[in-house]
Amino acid sequence: MKRQWNWALWVGFVIAVGGLFSYEFFVQFPITRDFPWANLLLFAIGAFLLLIGLVRAFGRPQDYRGKVFGSIFAAIGLVLFGFFTYEIFYVLEQVPASVQAPRIGQKAPDFSLPDQTGKQVGLTELLSPGGAVLIFYRGYW
Amino acid sequence: MRSVQQHLSEFTRRGIHVAAISVDSVDINRTHTQKMGYTFPVLSDSSAGVIRRYDVLHPSAGPKSTDIARPAEFFVDSSGIVQWVNLTNNIAVRARPEEMLRAIDAAPRSQ
């Protein structure tokens, strides 16, 4: 008898891979950037399907394929998940302490820098009339 | 930055200027702001001098291990005094404009 296609392994694997690569997309929105719940949800769904697939492959090998490639998929999925959590919960948190940064009540250091048109912009002119918000960011290089 | 642009009128209404600062060159900033439609000043601190003075340098974190800025936000009142600071401990987590506006409205102003 021909064994059935173990779709749960394939779908689960594709979703788990999507959990990693969709970060580029979800990072655009603050709600999925501040905490990557969308990616974690994809990983969880992927893991669940992979598990179903593996239970089928190992529990009823006469009915389902996938003992070998299912195990490989699950292992790759785990590695991707490990990489993702390492990047998100370790690498992204390696930010300098900035202990000398101006604190509340201190004077903000003056500066003058060129804007996107090349015009010099000084802090003094930004402060009038109601103050200024300064946003330091990593850049796009 | 996109969300800042979306909320820009709420800053302007309070008489507040918003400026972004990074090590990016004027050329990169010109292209990027045109593409994204940013109308607030995006300042180029290519030598990272100002970034250093504010102690928001992230050494060797840029391309080819160059020094760049770490994400940080300051609200400076009209007399030049810092009234609110946000120094994130995660690169991906930055202050949202709503949060800044709430902090600004709650902050005292030195006269």
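The coordinates are above.
Residues numbered from 1 in each chain as written. Chains lettered and ligands numbered in written order. Predicted model: local features only at pLDDT ≥ 70, side-chain atom pairs only at ≥ 80, totals over all residues.

**Student:** Could you give an account of the interface of chain B and chain A, naming the residues involved and the relevant values?
**Tutor:** The interface of chain B with chain A comprises 62 residues on the first partner and 43 residues on the second. For the side of chain B that touches chain A, a count of residues per class yields 36 nonpolar, 16 polar and 10 charged. In this sheet, strand S1 (residues 17-22) of chain B lies alongside strand S3 (residues 132-136) of chain A in parallel orientation, the contact comprising five bridges. Looking at S1 of chain B, one finds that valine 133 of chain A is bridged to valine 18 of chain B. (Contact = placed C-beta atoms within 7 Å. Nonpolar A, V, L, I, M, F, W, Y, C, P; charged D, E, K, R; others polar. Pairing = 2+ DSSP bridges. Helix = DSSP H or I, 4+ residues; strand = E, 2+ residues; numbered from the N terminus.)

**Student:** Tell me about helix H1 (residues 7-21) of chain A, residues and numbers included.
**Tutor:** Residues and elements named next belong to chain A. Along its 15 residues, H1 runs 21 Å from first to last C-alpha, staying within 8% of the 21 Å computed at 1.5 Å per residue. Of all the positions in H1, only Ala8, Leu9, Gly12, Phe13, Ile15, Ala16 and Gly19 are classed as buried. With its buried residues spanning 165° around the axis, H1 presents them on a single face. Taken together, the buried residues of H1 touch helix H4 (37-59) and helix H5 (67-89). (Expected span 1.5 Å × (residues − 1). Buried ≥ 20, exposed ≤ 12 C-beta atoms within 10 Å, placed from the backbone. Arc of directions from axis to C-beta.)

**Student:** Give me the nonpolar core: which residues, what numbers.
**Tutor:** Counting residues in each nonpolar core, the largest one holds 43 residues, and the members touching the most others are Val133, Ile135 and Phe136 of chain A together with Ile21, Ile51, Ala69 and Val76 of chain B. No other element matches the five residues that S3 of chain A contributes to this core. Beyond its immediate chain neighbours, meaning those up to four positions away, phenylalanine 136 of chain A contacts Ile21, Ser22, Ile51, Tyr54, Val56, Ala69, Pro71 and Ala72 of chain B. Grouped together as the second largest cluster of nonpolar side chains are 14 residues, Phe43, Leu54, Tyr64 and Ala74 of chain A included. (Core = buried A, V, L, I, M, F, W, Y, C linked by C-beta atoms within 7 Å.)

**Student:** Break down the sheet that holds S3 of chain A for me, with residues and values.
**Tutor:** Across the sheet, which stays open at both edges, the five strands sit in the order S2(B)-S1(B)-S3(A)-S5(B)-S6(B) with mixed pairing between neighbours. With one partner strand each, in any of the chains shown, strand S2 (42-44) and strand S6 (82-87) of chain B form the two edges of the open sheet. Pairs of neighbouring strands in the sheet enclose a mean axial angle of 20°, with direction left out of account. Across five bridges, strand S5 (residues 72-76) of chain B lies against S6 of chain B in antiparallel orientation. Among the inter-strand pairings, glutamate 73 of chain B is bridged to a residue of S6 of chain B, identified as asparagine 86 of chain B. (Axes fitted to C-alpha atoms, helices over the stretch in contact; angles between N-to-C directions.)

**Student:** An account of unusual backbone geometry is requested, with residue identities and associated values reported.
**Tutor:** Of the consecutive residues serine 128 of chain A and proline 129 of chain A, the connecting peptide bond is found in the cis state with omega at 5°. Structurally, proline 129 of chain A is set in the loop between helix H6 (123-127) and S3. Within the chain, serine 60 of chain B stands out as a residue other than glycine whose phi angle is a positive 60°. Assignment of secondary structure puts serine 60 of chain B in the loop between strand S3 (57-58) and strand S4 (68-69). Non-glycine residue serine 65 of chain B carries a positive phi angle of around 60°. Along the chain, serine 65 of chain B turns up in the loop between S3 and S4.

**Student:** So what's going on with the packing of H1 of chain A against H5 of chain A? Residues and values would help.
**Tutor:** Residues and elements named next belong to chain A. In contact at an axis separation of 10 Å, H1 and H5 are set at 15° when each is read in the N-to-C sense. By the angle between their directions, the pair H1 and H5 is classed as roughly parallel. Crossing handedness for the pair H1 and H5: left-handed. Contacts between H1 and H5 involve Leu9, Phe13, Ala16, Val17, Gly19 and Leu20 from the first element and Gly70, Phe73, Gly77, Leu80 and Phe84 from the second. Among the residues forming the contact of H1 with H5, the class breakdown is eight nonpolar, three polar and no charged. (Parallel < 35°, antiparallel > 145°, perpendicular 65-115°, else oblique. Left-handed = near helix turned anticlockwise from the far one by under 90°.)

**Student:** Please give an account of the packing of H4 of chain A against H5 of chain A that cites residues and values.
**Tutor:** All names here are of chain A. One can describe the packing of H4 onto H5 by two numbers: an axis separation of 10 Å at closest approach and a directional angle of 160°. Judged by the angle between their axes, H4 and H5 are roughly antiparallel. Crossing angle aside, the handedness with which H4 passes H5 is left-handed. Note on element contacts: H5 touches H4 through Lys67, Gly70, Phe73, Ala74, Gly77, Phe81 and Phe84, opposite Asn39, Phe43, Gly46, Ala47, Leu50, Gly53, Leu54, Ala57 and Phe58.

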